[in-house]
Amino acid sequence: MSLNLRQPTQFTVKSLQLITKFGNKDIRAVYQELNIYDSMFMPCMRGSVLLLDSVGLAEKLTLDGSEYIEIEISKSDEPSSSPLTFKKTFRIYKLSKRTSYNQNSELFVLDFISDEMIYSLQQKIRQSFVGEHSRIAETVMNRILQIKRPQRVDITKGIHTVIIPNLSPFDTMNWLTKRAVSKENLPDLFFFENKYGYYFASLS
């Protein structure tokens, strides 16, 4: 497996499917641009895809919050099982920047985000916890957010009694990072998602 990556053409979009209650649609032939973002300062991954539509797709979508987009990107000469392959299904939450391209087609953007963000926005935590901040983070991720993706949780120091003041699960995780101390006695915990999963991890 080679990591000698020099240009975007070394990667191939192997799957780009809209998943709706009316069926699935492959949009690789009509997408113009695909952006996927992750950051240590964002709790989850998000992105957007620019589509050039000449068949009235925007009208047919009638977004109601139940649509998903499945993305698979891999290095051109690697199999789908390669560690370099990125594969994830996101929730579509907005159709934006709809503009006319010519008489027969238009451009628009579909914005998408990890499904856990939608789930987080739908609930609040009003609960007390006792234990290390890392244990509390594990509880929130597993029992409340019900994250299915791989996780890494770094052990933190100290036993605490914590009362979550009516926060969403993602806000709770960020609240914990501001109070947790790593094994090296450093307040350097971050909560974020990348292609490998979710992290409640020390910068050190």
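The rules behind these values
- Each chain carries its own residue numbering, running from 1 in the written order of its sequence.
- Local features are withheld for residues below a pLDDT of 70 in this predicted model, meaning they are given only at 70 or higher, and side-chain atom pairs are given and counted only at 80 or more; totals for whole chains, interfaces and linings count all residues.
- Values shown for side chains rest on all heavy atoms present in the structure; no hydrogens or waters enter the calculation.
- Each patch is built from salt-bridge-free residues with over 30% relative accessible area, joining like charges within 9 Å and nonpolar side chains (Val, Leu, Ile, Met, Phe, Trp, Tyr) within 5 Å.
- Working definition of accessibility: Shrake-Rupley area with a 1.4 Å probe, residue cover restricted to the visible protein chains.
- A pairing counts as a salt bridge when a side-chain nitrogen of Lys or Arg comes within 4 Å of a carboxyl oxygen of Asp or Glu.
- For the exposure calls, accessible area comes from a 1.4 Å probe over protein chains only, and a residue counts as buried if that area is under 20% of its type's maximum, exposed if over 50%, partly exposed in between.
- Here a strand pair is declared whenever DSSP counts at least two bridges between the two strands.
- The numbering of helices and of strands both runs from the N terminus, where a helix is a DSSP run of H or I of at least 4 residues and a strand a run of E of at least 2.
- Simply put, an axis is a line fit to the C-alpha atoms, just over the touching stretch for a helix, and the angle between two N-to-C directions goes from 0 to 180 degrees.
- Roughly parallel means an angle under 35 degrees; roughly antiparallel, over 145; roughly perpendicular, 65 to 115; everything else is oblique.
- By the convention used here, residues are in contact when the closest approach between their heavy atoms is within 4.5 Å.
- Nonpolar residues are Ala, Val, Leu, Ile, Met, Phe, Trp, Tyr, Cys and Pro. Charged residues are Asp, Glu, Lys and Arg, and all others, Gly as well, are polar.
- Think of it this way: a Phe, Tyr or Trp ring, Trp meaning its six-membered ring, pairs with another when their centres are within 6.5 Å, and the plane angle makes it stacked under 30 degrees, edge-to-face over 60, tilted otherwise.
- Note on geometry: a ring has a charge over it if NZ (lysine) or CZ (arginine) is within 6 Å of the ring centre and within 35 degrees of the ring normal.

Trainee: Break down a nonpolar patch on the surface for me, with residues and values.
Mentor: The grouping of Met40, Phe41 and Leu203 at the surface amounts to a nonpolar patch, some 350 Å² of accessible area in total. Here leucine 203 falls in the exposed class, since its relative accessible area comes to 56%.

Trainee: So what about the sheet that holds strand E6 (residues 86–102)? Which residues, and what values?
Mentor: Reading across from one edge, E2-E1-E5-E6-E7-E4-E3 is the order of the 7 strands in this open sheet, with antiparallel pairing throughout. Each having just a single partner strand, strand E2 (23–26) and strand E3 (31–37) make up the two edges of the open sheet. Geometrically, the sheet is characterised by an average inter-axis angle of 30° between neighbouring strands, direction not taken into account. As defined by bridge partners, strand E4 (residues 46–53) adjoins strand E7 (residues 105–113) across 8 bridges and the pair is classed as antiparallel. Residue pairing for E7: arginine 46 is matched across the bridge by isoleucine 113.

Trainee: Explain the packing of helix H3 (residues 133–144) against helix H4 (residues 169–177) residue by residue, including any values.
Mentor: Where H3 contacts H4, the axes come no closer than 10 Å and their chain directions differ by 170°. Considering the angle they form, H3 stands roughly antiparallel to H4. Counting all contacts with H3, which are made through His133, Ile136, Ala137, Val140, Met141 and Ile144, the residues of H4 involved are Pro169, Thr172, Met173 and Leu176. Here the residues of the contact of H3 with H4 sort into 8 nonpolar, 2 polar and no charged.

Trainee: Hey, could you go over the sheet that holds strand E11 (residues 189–194) for me, with residue numbers and the actual values?
Mentor: The strand order E9-E12-E11 describes an open sheet built from 3 strands, whose pairing is mixed. Both edges of this open sheet fall to strand E9 (151–153) and E11, since each of them pairs with a single strand only. Averaged over all adjacent pairs, the angle separating strand axes in this sheet is 15°, with direction ignored. Direction of pairing for E9 relative to strand E12 (residues 197–202): parallel, over a ladder of 3 bridges. Following the sheet pairing, glutamine 151 is matched in E12 by tyrosine 198. Lying over the sheet, H3 contacts E9, E11 and E12, oriented at roughly 160° with respect to E9.

Trainee: Explain the packing of aromatic side chains residue by residue, including any values.
Mentor: Evaluation of the coordinates by the stated rule reveals 7 aromatic pairs. Ring geometry for phenylalanine 41 versus phenylalanine 190: centroids 5.7 Å apart, planes at 80°, classification edge-to-face. In this pair, phenylalanine 41 is assigned in the loop between E3 and E4 and phenylalanine 190 in strand E11, connecting sequence segments 149 residues apart. Given the relative accessible area of 69%, phenylalanine 41 is considered exposed. Arranged with centres 4.8 Å apart and planes meeting at 45°, the rings of phenylalanine 90 and phenylalanine 112 form a pair that is tilted. Taken together, the residues phenylalanine 90 in strand E6 and phenylalanine 112 in strand E7 connect sequence positions 22 residues apart. Neither residue differs from the other here; phenylalanine 90 and phenylalanine 112 are each classed as buried. Three or more aromatic residues joined by ring pairs form one cluster here, namely Phe86, Phe90 and Phe112. Above the face of the phenylalanine 90 ring, lysine 88 is positioned so that its terminal group lies 5.2 Å from the ring centre.

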